[in-house]
There are 2 protein chains.
Amino acid sequence: MVDSKPTAPSRRSDATRAAILDAARERFAADGYERATIRAVARDAGIDPSMVMRYYGSKEGLFAAAVAVDLKLPDLGPLPREEVGSALVTHFLAVWEENEVLTALLRVGASNQAGAERMQGVFQDQLLPVAQQVCPDPEQIPARAALTATQMLGMALARYVLRFPPAVALSRQEIVAWLAPTVQRYLTAPNP
Amino acid sequence: MVDSKPTAPSRRSDATRAAILDAARERFAADGYERATIRAVARDAGIDPSMVMRYYGSKEGLFAAAVAVDLKLPDLGPLPREEVGSALVTHFLAVWEENEVLTALLRVGASNQAGAERMQGVFQDQLLPVAQQVCPDPEQIPARAALTATQMLGMALARYVLRFPPAVALSRQEIVAWLAPTVQRYLTAPNP
DNA sequence: CGCGTTCGCCAACGGTTGTTGACCAACGGT
DNA sequence: ACCGTTGGTCAACAACCGTTGGCGAACGCG
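Here the structure is a predicted model, which is why all the values come from computation and not from measurement.

On the side of chain B, 44 residues touch chain A, which itself brings 44 residues to the contact. On the chain A side of the interface with chain B, the three residues burying the most area are L162, F164 and W178 of chain A, jointly 20% of the side's total. Summed over the shared surface of chain A and chain B, the number is zero salt bridges. In this assembly, chain A and chain B are joined by 18 residue pairs in polar contact (both at pLDDT 80 or more). When contributions to the side of chain A that touches chain B are tallied by element, the ones reaching two or more residues are α1 (14-35), α6 (101-109), α7 (113-134), α8 (141-161), α9 (165-169) and α10 (172-188) of chain A. Ranked by the residues each element gives to the side of chain A that touches chain B, the list is headed by α8 of chain A, at 14 residues. Looking at side-chain class alone, the side of chain A that touches chain B contains 27 nonpolar, 10 polar and seven charged residues.

Here we take up the protein's contact with DNA strand C. Contacts to DNA strand C come from 21 residues, most closely from S13, T16 and D48 of chain A together with R39 and K59 of chain B. Atoms of DNA strand C within 4 Å of the protein: sugar and phosphate make up 52%, bases the balance. Contact between DNA strand C and R39 of chain A: a base nitrogen at 3.4 Å from a side-chain N or O atom of the residue. In this structure, a phosphate oxygen belonging to DNA strand C sits 2.7 Å away from a main-chain N or O atom of D48 of chain A. Among the elements of the structure, α3 (49-56) of chain A together with α2 (38-45) and α3 (49-56) of chain B are those that each provide at least two residues to the surface near DNA strand C. Here the surface near DNA strand C gets four residues from one element, more than from any other, and that element is α3 of chain A. Across the surface near DNA strand C, the residue classes break down as six nonpolar, seven polar and eight charged.

As a structural note, the neighbourhood of DNA strand D is formed by 21 residues, with R39 and K59 of chain A together with S13, D48 and R54 of chain B the closest of them. Within 4 Å of the protein, the contacting atoms of DNA strand D are drawn from sugar and phosphate to the extent of 52%. At a separation of 2.5 Å, a base nitrogen of DNA strand D approaches a polar side-chain atom of R39 of chain A. Between a phosphate oxygen of DNA strand D and a main-chain N or O atom of K59 of chain A, the distance comes to 2.8 Å. Of all elements in the fold, only α2 (38-45) and α3 of chain A together with α3 of chain B reach the threshold of two or more residues within the surface near DNA strand D.

Residue and element names in this part refer to chain A. Once the domains are mapped, chain A shows domain 1 (14-66) and domain 2 (81-188). Scanning the region where domain 1 abuts domain 2 turns up zero salt bridges. Counting across the domain 1 and domain 2 interface gives two residue pairs in polar contact (both at pLDDT 80 or more). Of all elements in the fold, only α1 and α4 (59-66) reach the threshold of two or more residues within the side of domain 1 that touches domain 2. With eight residues, α1 is the largest single contributor of residues to the side of domain 1 that touches domain 2. Split into classes, the residues belonging to the side of domain 1 that touches domain 2 amount to six nonpolar, one polar and four charged.

Our focus in this paragraph is α1 of chain A. Residue and element names in this part refer to chain A. Helix length check: α1 (22 residues) gives 26 Å between terminal C-alpha atoms against 32 Å at 1.5 Å per residue, more than 12% under. Along its length, α1 reaches its greatest deviation from straightness, about 85°, at A29. When we look at burial in α1, the residues that qualify are R17, I20, L21, A23, A24, F28, A29, D31, G32 and Y33. Where α1 is buried, its residues meet α2, α3, α4 and α6.

Two numbers describe a pair of packed helices, the interaxial angle and the distance between the axes. Residue and element names in this part refer to chain A. Two elements in contact, α1 and α3, have axes separated by 11 Å at closest approach and are oriented at 100°. When the axis of α1 is compared with that of α3, the two are roughly perpendicular. Residues T16, R17, I20 and L21 of α1 pack against V52, Y55 and Y56 of α3. Taken together, the residues of the contact of α1 with α3 break down into five nonpolar, one polar and one charged.

All right, on to the pattern of salt bridges then. Any two side chains of opposite charge can pair, so long as their charged atoms come close to each other. All chains considered together, the criterion is met by 16 salt bridges over all chains. Across the salt bridge formed by R11 of chain B and D14 of chain B, the nearest N and O atoms sit 3.5 Å from each other. Judged by its relative accessible area of 42%, R11 of chain B falls in the partly exposed class. The network of salt bridges with common partners includes R27, D31, R35 and D44 of chain A.

A few words on the relation of the copies chain A and chain B. The transformation that overlays chain A on chain B combines an axial shift of 0.0 Å with a rotation of 180°, and the residual RMSD is 0.1 Å. Expressed as an axis order, the relation between the two copies is that of a two-fold axis. Considering only C-alpha atoms, the part of chain A nearest the rotation axis is G154 of chain A, at 1.8 Å. Most of the interface of chain A is mirrored in chain B, where 100% of its interface residues again form contacts.

Conventions we followed
Each residue is numbered by its place in its chain's sequence as written, counting from 1. Think of it this way: whatever chain is written first is A, whatever ligand is written first is 1, and the rest follow in order. Two thresholds apply to this predicted model, a pLDDT of at least 70 for residue-level local features and 80 or more for giving and counting side-chain atom pairs, whereas whole-chain, interface and lining totals are computed over all residues. Side-chain metrics rest on all non-hydrogen atoms present in the structure, leaving aside hydrogens and water. Residues count as neighbours in contact if any of their non-hydrogen atoms are within 4.5 Å of one another. Throughout, the accessible surface (probe 1.4 Å) given up by two parts as they are put together, summed over both, is called the buried area. Salt bridges, as used here, are contacts in which a Lys or Arg side-chain nitrogen is within 4 Å of a carboxyl oxygen on Asp or Glu. Any pair of nitrogen or oxygen atoms within 3.5 Å is treated as a polar contact; in protein, a donor-acceptor pairing is required on top of that, and neighbouring residues in sequence qualify only through side-chain atoms on both sides. Under the DSSP-based scheme used, a helix requires at least four consecutive residues in state H or I and a strand at least two consecutive residues in state E, with every element numbered from the N terminus. Three classes are used: nonpolar for Ala, Val, Leu, Ile, Met, Phe, Trp, Tyr, Cys and Pro, charged for Asp, Glu, Lys and Arg, and polar for all others, with Gly counted as polar. Each residue is tested against the molecule or strand, and it is near if at least one of its non-hydrogen atoms lies within 4 Å. Where each domain starts and ends comes from a domain assignment, either automatic or drawn from a database. Helices are assigned an expected span. That span is 1.5 Å times one less than the residue count. The angle between axes fitted to the seven-residue stretch ending at a residue and the seven-residue stretch beginning at it gives the bend at that residue. Exposed residues in this analysis have more than 50% of their type's maximum accessible area, buried residues have under 20%, and partly exposed residues fall in between, with area computed by a 1.4 Å probe over protein chains only. Simply put, an axis is a line fit to the C-alpha atoms, just over the touching stretch for a helix, and the angle between two N-to-C directions goes from 0 to 180 degrees. Note on angle classes: values under 35 degrees are labelled roughly parallel, values over 145 roughly antiparallel, values of 65 to 115 roughly perpendicular, and the remainder oblique. C-alpha atoms of residues with pLDDT of at least 70 in both copies form the basis for the least-squares superposition of the copies.

Spelled out as structure tokens, the structure:
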């Protein structure tokens, strides 16, 4: 068991590839898709712009490779029903602040079709299944998950992208205390 | 009383100026700041790109002139306290769907510093005073207004920008029914 | 030690962008 | 009827973008 994963070519340029992805994430998160130039990414990574093209094919390919989001949402099954809101909000805040991938995805998704579609994919593949575990009426699952997404994305937008001072000033505990009941109601309340 | 406002130069080019602003709003709303080119705006307005420069100085000046937002928020004074949430959400939905200025501002604000600052201005000048009318503790007004903004902006983001299918499928009544209690609580609930 | 493969840089291409200045035509007060 | 002012077009500039191909150098397997 030398390799943990079956695909491990272990090329000599892995360090460069990783540096490119790191720089790309940072640029996309700070500038959005259009203003994040390949030249700037290459400069941050300390290499030539043509290397980015060789390793990732195009700017769109670079974006696709750089913004691979895994929300690592917890299993809500063993949790008491009245704690799912608090658990989800806490988890979202932690994931959002531990790296800048989500900020990059949100910034790009707001003015780029491919970015918006990728964000839809994250919603469908990662948030919907979790909502499925706790929603009462199966038919309402997409709507309830979407409502949850509006609250979480809205907080992320105001706090990490637009940087509204009052939203930035809130502590994590305060945010959880305010948003948890909202998410809790969106997911589990019997009535609209 | 020929002129309703004191400043009414009534230039011969007013029609062109208005056409430029209309086209600019549409382009900014559809494409964001960078991809909305002056050339495309001029083409939509049926004139030469250099006219845009002469009338609005620069692309940034065009954006500043095109995205002048007036939320026309209602006076919440005479309203029963338990109806402010529903009234605000209903009003927000109406304003957001009646023209594309807010979508343009949101799209641009997500990846442009000037856009984000302008959105902060709208928040401070228009939402904060309204929150002042209904918040219990004066010290909590900015935080409560910001929480309201996160929910409204999050819904706008998911519905009008990212176009999450479940968020688009919701009717206005359903949105009001779901969001009104949230906004109501953010603004008027005594306790976090 | 050879030699194919990988890594990286350099220079350039075609295209697009914001922006500018010269030039023409229609207006409108005197 | 004149002529300054305004509305509008055209062509071009400099800068920047994504992208490409060629060339040298370092690697690593035989």
